[in-house]
Amino acid sequence: MSMNPAVATARRRLLGHGGLVLFLGGVAGFGFLFFLLGEIRLWPIPGVIEYQLPGSEKAWRMTHLEGIINGLALWLAAVLLPGMNLSDKAIVRIANGLIVVAWTFIVASSFDAFFPESRGLYFGGPITNILAFLMFYVGVAIFMCIAAFVAWKNLFSKPNSSAS
């Protein structure tokens, strides 16, 4: 079974960006660890840097999980999208949209770990909160559109002959 080159490229992009987002989730995991320890320490590297990272336990956990969950979601999308009742053009657009969603979520969640009062739950407060809010807003809007479109195409539209 041959795959449209555009879809193959979209799958590779999903896998690549998924790997990068997972990597950043792992880096955030070290931040989470260092926050919990109250110092920067990496065995077997000698020495300790006495530094309490800013943020809260909740913020670091969320940043770590955003990277892990969104990276894995991109990998899952790379596997599942070609089997859905979607045109090749729709697959490419959805792949691009999901990549934007993954990056907006991990970057926005990291604002809360590094800057006080920057959870992004409302429009206002410090500029870092406003930026986080806007990133989450864009990511959520794109994700909701993608979810509704995929549900509609797979539940209510005629089977796509190019999707089988």
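Residues numbered from 1 in each chain as written. Predicted model: local features only at pLDDT ≥ 70, side-chain atom pairs only at ≥ 80, totals over all residues. Heavy atoms only, no water.

## What to know about the overall build of the protein
For clarity, the cut-off: Here a strand is any run of E in DSSP of at least two residues, a helix any run of H or I of at least four, and the numbering for each starts at the N terminus. Working definition: with a 1.4 Å probe on protein chains only, accessible area under 20% of the residue-type maximum means buried, over 50% means exposed, and in between means partly exposed. A contact between two residues is defined here by any heavy atoms of the two lying within 4.5 Å.
In terms of regular secondary structure, the protein is built from four helices and zero strands. Along the protein, helices and strands appear, N-terminal first, in the series α-α-α-α. The dimensions of the protein, computed from C-alpha atoms along their principal axes, are 60 × 40 × 20 Å. Split into buried and exposed, the 164 residues of the protein put 40% on the buried side. Within the protein, residue pairs in contact and separated by at least 24 positions form 67% of the contacts whose partners lie at least 6 positions apart.

## Some thoughts on the packing of aromatic side chains
Where we set the bar: For Phe, Tyr and Trp, where Trp contributes only its six-membered ring, two rings pair if their centres lie within 6.5 Å, and the inter-plane angle classes them as stacked under 30 degrees, edge-to-face over 60, or tilted in between.
The tally for this structure, following the rule as stated, stands at seven aromatic pairs. Measuring from centroid to centroid gives 5.9 Å for F105 and F136, while their planes differ by 50 degrees, and the two rings are tilted. Placement of F105 in helix 3 (residues 88-114) and of F136 in helix 4 (residues 127-155) is noted, with a sequence separation of 31 residues between them. A relative accessible area of 19% places F136 in the buried class. Aromatic pair F123 and F133: ring centres 5.9 Å apart, planes at 65 degrees, arrangement edge-to-face. Of this pair, F123 sits in the loop between helix 3 and helix 4 while F133 sits in helix 4; the two residues are 10 residues apart in sequence, bridging distant segments of the chain. Residue classification places F123 among the exposed residues on the basis of a relative accessible area of 55%.

## A look at the side chain of T63
Tracing the chain through its elements places T63 in helix 2 (residues 57-80). The exposure class assigned to T63 is buried, which follows from its relative accessible area of 4%.

## Topic: the nonpolar core
Stated precisely, the cut-off is as follows: Residues grouped as a nonpolar core are buried Ala, Val, Leu, Ile, Met, Phe, Trp, Tyr and Cys residues, joined through side-chain atoms within 4.5 Å.
In terms of nonpolar packing, the biggest core is built from 19 residues, with L14, L74, L81, L86, I94 and L98 touching the most fellow members. Among the elements that take part in this core, helix 3 stands out by supplying eight residues, more than any other.

## Overview of the pattern of salt bridges
Pairs can form between side chains of opposite charge whenever their charged atoms are close. Selection criterion: When a carboxyl oxygen of Asp or Glu is within 4 Å of a side-chain nitrogen of Lys or Arg, the pair counts as a salt bridge.
Tallying each qualifying case throughout the model produces two salt bridges. Here E57 ties to R61 by a salt bridge, and the two come within 2.7 Å at their closest N and O atoms. With E57 and R61 both in helix 2 and four residues apart, this pair spans about one turn of that helix. Using a relative accessible area of 38% as the deciding quantity, one classes E57 as partly exposed.

What is shown is where atoms sit, not what they do.
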